[in-house]
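Given next are the chains, with one letter for each unit.
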Amino acid sequence: MSTNKETTPVNVDAYLGLNKYEVDEGNPHIELAPNPDMAQFMELVRVCPAGLYRVSPDGQQSADFAGCLECGTCRIVAQGGAVAVWRFPAAMMGIEYRYG
Amino acid sequence: MADFDAIVIGSGCAGPVAAHELAARGKSVLVVERGNYCGAKNVSGGRLYTHALADVFPDFLEDAPLERRVVRERISMLAPESGVMVEFTDEQMRRPGVESYTVLRAKFDPWLASKAEAAGAEYINGIPVEKLLKTGDRVTGVKAGDDEITAEVVLLCDGVNSLLAEQAVGAPRPARSSVAVGVKQVIELPERVISDRVACADGEGAAWLFMGDPTHGRVGGGFLYTNKESISIGIVATVADMVDSDVAIPQMLEDFKNHPAVAPVIAGGTVVEHSGHLVAEGGYDAMPALVGDGVMLAGESAMMCLNAGYTVRGMDLAIAAGMHAGRSAADALDAGDTSAAGLAGYVKALDGSFVMNDLRTLRHFPDFMEHTPRMFGTYPDMAAQMMRKVFLVDGSGMKPMRKVMWPMIKKVGLLNLARDARKGMKAV
């Protein structure tokens, strides 16, 4: 089934801005492999609930993990591939859910 | 001599209950929780069936931070522009032991942790456990930050995304087909407005699952739970199917919120949090070993979660597993044997409980969902088409029902319909 109705593009950054984080500047807890395979990177674009994995119109891959929700979905999909390292943020760092 | 009788990793639902049972038996217990406060890293849909909680804390209603008692069960099949809903309400939903309540984990988990602390468990918050200490095959403690702390038994209650289960019992990273990705928002609205929108009294509310359009036909569904002064709304989609979806999951949630059957329920609300979580959906066959030498697994670290389509349960399983794990660990400590053989009482107790019974009963449901894509697209669309024929009147003249319905059934194929119905009945 495909639904081709008009949709409102989600502004996921605005939503992440509502969350509380302790950001560990310069020490991301997820590290990408060099030159990740594009097909697998696109899988990450689709499954990340924070929309952190992005591909620009000219095909540049990027991911900023400061807004990570620490769910681990990208670890399931791509550890050992596009995702080289997946660990939990360091002590006291990362998301702090106030509702959960 | 170990530093503690027991170390519990993680303070969600299983962890604090296990710690409470151990401390109540006079054992020294340390709980290591990576959130700065308990609940800081935890997300659920969510609705808690209270029967397991009542077994451990019979007076929980006095002070547990529960949101609303669920008295309306709703299931909707959504097509892009329409929805067909079934609602069930019953006085029995107010019966002790059957009652279920919506919860927000950042409020609920600190309360549960406080019960363990009151019983004598010690807590360290804000530090993730990096790895388990092992001597040969035996788990002997944990490494957290710069500290190495030892115990006679370590309980892994660190959730679905456990980075330690492999080291503990050799459990591999879960397969794409045995986990689903969840995305959720909490949307604040005045208490009375929420009550009115789901036709409930204050203090009571709805649990509402959706299939079809919310996942754009992918394996999964949408959910909506009413809290006291907020609504939890989200999407859960099986990772194996989601990876080649046309639409990314944050956009799915946005579209779901804008669906004409959903938008009026959350209209005027303020989004206050955007969360994500993995859901263990592989069921019985995806579970790892529950004990090893010096180590036990309880809750979602052992993939204890049930998705029956019409309801999703994890927290009551985790609470019951935590209770049995704590009690069996205390027995093993008393007997002086915390090897896998010494801890086998946990496996036996769990096996005789509703936890393994229900997981076994639904053993074939994950496979049914994965291999019956019509459930998520064709059938919700068909239901919508049928309802249009039944309910929309434009003066063009009624046709006999059999003539209206038959072409639609033929389109799917009577054999396919019968086959899916039979598979579905067998799976639940």
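Residues numbered from 1 in each chain as written. Chains lettered and ligands numbered in written order. Predicted model: local features only at pLDDT ≥ 70, side-chain atom pairs only at ≥ 80, totals over all residues. Heavy atoms only, no water.

A. Structural context of the pattern of salt bridges. Residues and elements named next belong to chain B. Summed over all chains, the structure comprises 34 salt bridges over all chains. With its nearest N and O atoms 2.5 Å apart, the salt bridge here joins Asp-334 to Lys-27. Residue Asp-334 is found in helix α9 (residues 315-335), and its partner Lys-27 is found in the loop between α1 (14-24) and β2 (29-33); the two are separated by 307 residues along the sequence. Salt bridges here are not isolated pairs; linked through shared partners, they connect Arg-69, Glu-91, Arg-94, Glu-99 and Glu-204. (Salt bridge = Lys/Arg side-chain N within 4 Å of Asp/Glu carboxyl O. Helix = DSSP H or I, 4+ residues; strand = E, 2+ residues; numbered from the N terminus.)

B. Region of the structure containing the environment of Ser-275 of chain B. Positionally, Ser-275 of chain B belongs in strand β15 (residues 270-280). Put simply, Ser-275 of chain B and Asn-42 of chain B are 233 residues apart on the chain and 9.3 Å apart in space, counted from C-alpha to C-alpha. When sequence neighbours within four positions are dropped, the list of residues in contact with Ser-275 of chain B reads Leu-69 and Tyr-97 of chain A together with Val-43, Gly-182, Val-183 and Lys-184 of chain B. (Contact = heavy atoms within 4.5 Å.)

C. Representation of the interface of chain A and chain B in the model. Contact with chain A, which involves 45 residues of that partner, is made by 60 residues of chain B. One can count three salt bridges joining chain A with chain B. Arg-34 of chain B is paired through a salt bridge with Glu-70 of chain A; the nearest N and O atoms lie 2.7 Å apart. Across the contact surface, chain A and chain B share 35 residue pairs in polar contact (both at pLDDT 80 or more). Of all the secondary structure elements, the ones that give two or more residues to the side of chain A that touches chain B are α1 (12-16), α2 (38-47), α3 (73-78) and β6 (94-96) of chain A. When the residues that make up the side of chain A that touches chain B are grouped by side-chain class, the tally is 26 nonpolar, 11 polar and eight charged. (Polar contact = N/O pair within 3.5 Å; in protein donor to acceptor, adjacent residues only side chain to side chain. Nonpolar A, V, L, I, M, F, W, Y, C, P; charged D, E, K, R; others polar.)

D. Representation of the nonpolar core in the model. Core analysis: the biggest nonpolar cluster contains 152 residues, and Tyr-53 of chain A together with Ile-7, Leu-155, Leu-156, Met-304 and Tyr-346 of chain B have the highest contact counts within it. Here this core gets 12 residues from one element, more than from any other, and that element is α9 of chain B. Counting residues in each nonpolar core, the second largest holds eight residues, with Met-382, Met-405, Met-408 and Val-412 of chain B among its members. (Core = buried A, V, L, I, M, F, W, Y, C linked by side-chain atoms within 4.5 Å. Buried < 20%, exposed > 50% of the residue type's maximum accessible area, 1.4 Å probe, protein only.)

E. Structural view of the state of the cysteines. Residues and elements named next belong to chain B. Enumeration according to the criterion identifies zero disulfides over all chains in this entry. In this structure Cys-305 is a free cysteine whose sulfur lies 11 Å from that of Cys-13, the closest cysteine sulfur available. Look at Cys-305 and you get buried, because its relative accessible area is 4%. (Disulfide = S-S within 2.5 Å.)

F. Looking closely at the domain arrangement of chain B. Residues and elements named next belong to chain B. If you check the domain split of chain B, you get domain 1 (4-67 + 103-172 + 285-361), domain 2 (177-280) and domain 3 (368-427). For the pairing of domain 2 and domain 3, the buried interface totals around 580 Å² over both sides, and the portion due to carbon and sulfur atoms is 71%. Here domain 2 is connected to domain 3 by zero salt bridges. Taken together, domain 2 and domain 3 are joined by zero residue pairs in polar contact (both at pLDDT 80 or more). Of the residues assigned to the side of domain 2 that touches domain 3, the class counts are two nonpolar, four polar and one charged. (Domains from an automatic or database assignment. Buried area = accessible area lost by both parts, 1.4 Å probe.)

G. Here's a closer look at the confidence of the model for chain B. Residues with a pLDDT of 70 or more make up 100% of chain B, whose mean pLDDT is 95. Both confidence scores are given for the complex: pTM 0.96, ipTM 0.96. (pLDDT = per-residue confidence, 0-100.)

H. Structural view of the packing of α9 of chain B against helix α10 (residues 344-351) of chain B. Residue and element names in this part refer to chain B. It is the contact of α9 with α10, at a shortest axis distance of 8 Å, that shows an interaxial angle of 145°. Classified by chirality, the crossing of α10 by α9 is right-handed. In contact with Ala-321, His-324, Ala-325 and Ser-328 of α9, α10 contributes Gly-345, Tyr-346, Ala-349 and Leu-350. In terms of residue class, the contact of α9 with α10 is built from five nonpolar, three polar and no charged. (Axes fitted to C-alpha atoms, helices over the stretch in contact; angles between N-to-C directions. Left-handed = near helix turned anticlockwise from the far one by under 90°.)

I. Geometry of the packing of aromatic side chains. Applying the stated rule across the entire model yields nine aromatic pairs over all chains. Ring geometry for Phe-41 of chain A against Tyr-53 of chain A: centres 5.7 Å apart, planes inclined by 75°, an arrangement best described as edge-to-face. One end of the pair, Phe-41 of chain A, is in helix α2; the other, Tyr-53 of chain A, is in strand β3 (residues 53-55), and 12 residues separate them in sequence. Taking the relative accessible area as the measure of exposure, Phe-41 of chain A reaches 0% and is therefore buried. On the basis of relative accessible area, Tyr-53 of chain A is assigned to the buried category, the value being 2%. With a centroid separation of 5.4 Å and an interplanar angle of 85°, the aromatic rings of Trp-86 of chain A and Phe-88 of chain A are classed as edge-to-face. For the pair Trp-86 of chain A and Phe-88 of chain A, a shared accessibility class is recorded, and that class is buried. Among the aromatic residues, those joined into a cluster by ring pairs are Phe-41, Tyr-53 and Phe-65 of chain A. Residue placement shows Arg-74 of chain B over the ring face of Trp-208 of chain B; its charged tip is 4.7 Å from the ring centre. Between Arg-313 of chain B and the ring centre of Tyr-49 of chain B, over which it is positioned, the NZ or CZ distance is 5.8 Å. (Phe/Tyr/Trp six-rings, centres within 6.5 Å; stacked < 30°, edge-to-face > 60°. Lys NZ or Arg CZ within 6 Å of the ring centre and 35° of its normal.)

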